[in-house]
Each structure stands twice: as structure tokens, then as C-alpha cells.
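Descriptive analysis of the structure
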Amino acid sequence: MAKYDYDLFVIGAGSGGVRAARLAAMSGARVAIAEEDRVGGTCVIRGCVPKKFMVYASEFSYHFKTAKGYGWTVGESSFNWTRFLAEKDKEIARLSGVYVRNLQNAGAELAHGRARLLDAHRVEVEKIGVRTADKILISTGGRPWMPKDLPGVEHAISSNEAFHLTELPKRIVIAGGGYIAVEFAGIFNGLGVETLLVHRGPNILRGFDDDVRSHLAEELEKRGVKVVLGTQHTAIEKTATGLVSHFSDGHTFESDVVMLCLGREPYTEGLGLDKAGVKLTEKGAVAVDAYSRTNVENIWAVGDVTDRINLTPVAIREGQAFAETVFYDRPTSFDHEMVASAVFSQPPIGSVGLSEADARKQFGKVDIYLARLRPMKYSFVGGDERALLKLVVDAATERLVGCHIVGPDAPEIIQMAAIAMKMGVTKTQWDATCAVHPTLAEELVTIRKKHVPMGLGQVA
Ligand SMILES: Cc1cc2nc3c(=O)[nH]c(=O)nc-3n(C[C@H](O)[C@H](O)[C@H](O)COP(=O)(O)OP(=O)(O)OC[C@H]3O[C@@H](n4cnc5c(N)ncnc54)[C@H](O)[C@@H]3O)c2cc1C
């Protein structure tokens, strides 16, 4: 008789957990996966996917405006939030169903309920009971961080609730400077909501290239988002007419919804990690090695709960690498270098590699190639939207170490640029690539002139 009920018990059926469970089950292992909510996790249920639908929905207002400049007569248009949400929920339910079927087809058993560890081999699933497993994978993801001591925080929503607002607000305050805040600012603004984006730092999108950060802040303003920097909430007050945000600079602003996007935290609360002796990092993430193994020999962790790079494709690849290592006898560690990412702001961002500032720290002398231009589609209609393309090159080796784009289709373009950069492309090889015309992307292979940043006095 088998010593344990399962060879592998996975806690959390999101991007990382589902991939790991499926692959492990396909190897012939007996696998169970617990999920307290809907299968698919943050990405499918309350993250990337529904958010992208919202971005698509909100972009139409800009398309309608542009269409007029191209000779179209656009009739009266209006947006039905309730109908959109119903369609969105239908599609999310379909996708979640696909995830469930994929798990079942692979032979993994789904346990619906909240799971917690009792020790290194025993897992208790709410309403189901205790199960034992030889190996355990923690893939419980992350959740929005809310400032519990902010007066009136109970009146604010996080991104989780933004997908289910019963009514489209007329006015919204979004606090935060990360990609989720910036994306939702674009979404609500595009849907006609008066949008105030407030961030306590000196600029939005910390960690991104500085030119990208200031360029996007300007473009957001051009589209109608009010961006206020260097201030933060001191209280949220509910009044008869709405919610009044009180800010540290003394200003107040009344809105219908206050959305806090102040960061996310690894979701480890009540998971029983202490019972199994699993160590956490200082920031509360599950500490793992390059193979996603924790300090406990039979327990691994992947995805946002490990707080490495918190993106869906990364969680998937970590889950895959875990399964290959443990169930296919192919030791595989996912390489976290040169992972491209996108911000679905309006206009969007695509970015891979180092910012100029980080590259200077790492390499000393770097060459910068930078272009700002009016995207063809919008210059035709006299719009003042600008795109930004920036390349960061290690001067000593000529290797491209950063590529950053703000403009139409930037997320699609960056995926391809990331391939060349992951392969270690040099600027000469990059430039040998013939342009595709007329595109925004062609600018990337035609910028020849070195950019001299103000005050640096680097010789071009
Ligand atoms: C608004 C938003 C937009 C995003 N947009 C993008 C994007 O455009 N591109 C991108 O790459 N990434 C995006 N992300 C990030 C992406 O969603 C995450 O990186 C990804 O989902 C992480 O996968 P995961 O498997 O680690 O965790 P998750 O997908 O969060 O899955 C964890 C699962 O575990 C379950 N769970 C937790 N605890 C327990 C328990 N004790 N018992 C049972 N089940 C449990 C949860 O219910 C959840 O389903 C976005 C995130 C948010 C919030």
C-alpha cells in the first residue's frame, strides 16, 4: 500500500499550480490540487485576463475619436457597464472551465476548499479532510496589500473588487504608482470616468526606466487622467455625496470610488507553513532556491508566493521547471534574466532588460539610443500623442541590455525584441536587421544616433 494518499499535493490552482499539477499528473504521479476559489487563479479570475478585457472595452472611446479624423461619422456611442461585466464574467467562467478540464484530462484530482498544512506531509482541506502527500507544492499567489491603519480604509476597494463594481463610477481616485494603478487609471478614464491617479513617490512606475516613467505620466495626462505625485491618503471619509479623500498635502477630492493599488503581498496567511517548518523571507514570501525548493526537503513553492518576478508566464515557467525537475528527472531551473513585461496602460509599455540607471550602475559606461515620435495613426488626425523608443547598450561589449517602448502595440513588439536580447544580441547585429515599414517597431532598428542625456556630457 502507498505510504501517502498522493505523490504531490498542490495548494493553489492559479498559473503556477495548475501547470505544475498537470505536468506532474501526466508523468503518472498521483496528484491533487486544492483551490479555495475558482480555478485559474489571479490571472484568469481577477488579474491579467479580465483586466485586458477592460482595457479593450475602454480603448473604444479613443478609437471613436480617432475614427472621426479618418472621415468616419461615428453615431452617438454609449457604454453599458452591466452588459460588459456580464459578458466578461461569461468568458472568465469559460476559461476557468478550460483550466478545470485540463486538470481533469491530465488526471489531477481537484479538491475545492481552503487548504492548510498540518505538517510537512499532511494537508487539511476545508470540508474535505486531511490528506497526506509525499511532496507538496505551495502556489497560493499574492493578494492586494491594504493599509489597515488608514482611517476609512473600509470604504476603499482593491483591484479584486474593481472587476465587480455594480455601477460604473462617475469619479474615481486611484492610489498607487505601480502597473495595476496605471492600468486601471487608463481603463476608467477611457470609460469616461473622471480619474485622479495619486502616488506618494516622485514618479509613477518605480523600477521602470526613468524616461519611460515620465513619458507615460505625460501621455496619461494628455488622455485625460489627472496625475498627482508626492502625496498620499491620510483618510477616506464617507459623506452623503460620495467619498472624500484627504491627502497629506492638505488637498481633498470627492469621488464615488477610491481604489487602493498600493502593492501586493504573498498569500501565506493561515497556510500552516510554520507547522511544516517552511521559512519565509524578510518580506513574508516563501524562501526558495533556484529549483523552487524550500528549506523543507519535500516542499516546493512557485509563483507570486515566492515574490521573485510576479507575472503569470514566470509562475507558469517556475511550475513547469518544478515538474520537470521532480517528476521527469530533468533538473531545470527557470532563468529570471531578461524577462519582458508589459504595462497595459493607454498608451501601453513594453520593456525588457535594464533601465538606463540600472545599466549605468552595472556597466559604468552605456550608450543610449532614444527616439520620440508621433505614431503615424495619430499624427494623421493631428493628435499630439508621442511614442518613445529607447535602447540601452553596454558600451564595452556593444550588447543590448535594455529595450523600452511606450506606444501602440508596445507589448506585442517587446515579445519579439526579448528573443534577440535573451540571445545576447549586439547593437551591430540588431541594426543589421532590415526594417518592416511602415511600423513603429522599425524605429527600433533605425535609431543610429546616440542620445546624450542632459547633464551627463557623454560624447555621442
Ligand atoms: C489586477 C492584476 C493584473 C495583472 N496583470 C498581469 C498581466 O497583465 N500580465 C502578467 O503576466 N501578470 C499579471 N498579473 C500578475 C499575475 O496575475 C500573477 O503573477 C499570477 O497570477 C501568479 O500566479 P500564481 O500561480 O503564483 O498565483 P495565483 O494565480 O494568484 O493563484 C493562486 C491560487 O491559490 C489559491 N489559494 C490561495 N491560498 C489557498 C489556500 N490556502 N487553499 C486553497 N487555495 C488557495 C487562490 O485562490 C488562487 O486561485 C496581474 C495581477 C493583478 C492582480
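It should be noted that the structure appears before, not after, this text.
Residues numbered from 1 in each chain as written. Predicted model: local features only at pLDDT ≥ 70, side-chain atom pairs only at ≥ 80, totals over all residues. Heavy atoms only, no water.

Right, let's get into the pairing of strand 5 (residues 122-125). Burial of strand 5 is one-sided: the residues V123 and V125 facing one way are buried, the residues R122 and E124 facing the other way are not. Judged from the three bridges that link them, strand 4 (residues 115-117) and strand 5 form a sheet pairing that is antiparallel. Residue R116 lies in a different strand from strand 5, and its bridge partner there is E124. (Buried < 20%, exposed > 50% of the residue type's maximum accessible area, 1.4 Å probe, protein only. Helix = DSSP H or I, 4+ residues; strand = E, 2+ residues; numbered from the N terminus. Pairing = 2+ DSSP bridges.)

So, about the site of the ligand. Near the ligand there are 36 residues, and of these G16, E35, T42, K51 and D304 occur at the shortest range. Between R114 and the ligand, the recorded distance is 3.1 Å, taken from a side-chain N or O atom to a nitrogen atom. Between the ligand and the protein, one listed contact pairs an oxygen atom with a backbone N or O atom of D304 at 2.8 Å. Relative to its free-state accessible area of 1,000 Å², the ligand is covered by the protein chains to the extent of 96%. Counting residues per element, the ones that place at least two in the shell around the ligand are helix 1 (15-26), strand 2 (31-35), helix 2 (41-46), helix 3 (48-69), helix 6 (179-190) and helix 9 (312-327). With four residues, the top contributor of residues to the shell around the ligand is helix 2. Considered class by class, the residues forming the shell around the ligand number 14 nonpolar, 14 polar and eight charged. (Near = heavy atom within 4 Å. Polar contact = N/O pair within 3.5 Å; in protein donor to acceptor, adjacent residues only side chain to side chain. Areas by Shrake-Rupley, 256 points an atom, 1.4 Å probe, with all protein chains shown as cover. Nonpolar A, V, L, I, M, F, W, Y, C, P; charged D, E, K, R; others polar.)

This brings us to the sheet that holds strand 13 (residues 252-255). Spatially, three strands are ordered 11-12-13 in an open sheet, and the strand pairing comes out antiparallel. Both outer strands of the open sheet, strand 11 (233-238) and strand 13, are each paired with one neighbouring strand and no more. When the angles between neighbouring strand axes are averaged without regard to direction, this sheet yields 20 degrees. Of the pairings in the sheet, the one linking strand 12 (residues 243-247) to strand 13 comprises four bridges and is antiparallel in character. (Axes fitted to C-alpha atoms, helices over the stretch in contact; angles between N-to-C directions.)

We now examine the packing of aromatic side chains. The full count for this structure, using the stated rule, is 12 aromatic pairs. Ring plane angle 45 degrees and centroid distance 5.9 Å describe the contact between F79 and F84, whose orientation is recorded as tilted. A relative accessible area of 34% places F79 in the partly exposed class. Classification of F84 by relative accessible area gives buried; the value is 15%. Three or more aromatic residues link up through ring pairs in this structure, and these residues are F79, W81, F84, F163, F184 and F188. (Phe/Tyr/Trp six-rings, centres within 6.5 Å; stacked < 30°, edge-to-face > 60°.)

To continue, consider the sheet that holds strand 21 (residues 400-406). On the basis of which strands lie adjacent, the open sheet formed by six strands has the order 17-18-21-20-19-22 and antiparallel pairing. Of all strands in the sheet, those bounded by a partner on one side alone are strand 17 (341-343) and strand 22 (450-451). Bridge analysis of strand 19 (residues 366-373) against strand 20 (residues 387-394) gives eight bridges, and the strand direction is antiparallel. If you follow Y369 over to strand 20, its bridge partner there is L391. Along the sheet face, helix 7 (residues 210-223) touches strand 18 (349-353), strand 19, strand 20 and strand 21 and points at about 175 degrees away from the line of strand 20. (Contact = heavy atoms within 4.5 Å.)

As a further point, take the layout of surface pockets. In this structure, the second largest pocket encloses a volume near 590 Å³. Looking at the second largest pocket, it is lined by 29 residues, and the ones nearest its centre are P348, K377, Y378, P408 and D409. Those elements that place two or more of their residues in the lining of the second largest pocket are helix 3, helix 11 (376-379) and helix 12 (410-422). When residues in the lining of the second largest pocket are grouped by element, the largest group, six residues, is from helix 3. The residue makeup of the lining of the second largest pocket, split by class, is 14 nonpolar, five polar and 10 charged. (1 Å grid on protein atoms, 1.4 Å probe; cavity = no way out; pocket = protein on both sides within 12 Å on 5 of 7 lines; lining within 4 Å. Points joined across faces, edges and corners; volume = space filled by probe spheres on them.)

Negative phi characterises most residues that are not glycine, and trans characterises most peptide bonds. In this structure, P347 follows Q346 across a cis peptide bond, with omega equal to 5 degrees. Despite not being glycine, D329 shows a phi value in the positive range, around 55 degrees. Inspection of the secondary structure assignment puts D329 in the loop between helix 9 and strand 17. Residue class for D329 comes out exposed when judged on its relative accessible area of 67%.

The next point concerns a nonpolar patch on the surface. On the surface, Y70, W72 and F380 cluster together to form a nonpolar patch covering roughly 410 Å² of accessible area. The residue W72 is located in the loop between helix 3 and helix 4 (81-106) in this model. A relative accessible area of 62% places W72 in the exposed class. (Patch = residues over 30% accessible without salt bridge, like charges linked within 9 Å, V, L, I, M, F, W, Y side chains within 5 Å. Salt bridge = Lys/Arg side-chain N within 4 Å of Asp/Glu carboxyl O.)

With that settled, the discussion passes to the environment of H233. In this fold, H233 is placed in strand 11. Note: C-alpha distance between H233 and A86 (147 residues apart in sequence) is 33 Å. Excluding anything up to four places from it in sequence, H233 contacts L150, V173, A175, S245, H246, F247, V258 and L260. Within the local environment of H233, its side chain forms a polar contact with the side chain of S245, the two groups lying 2.8 Å apart.

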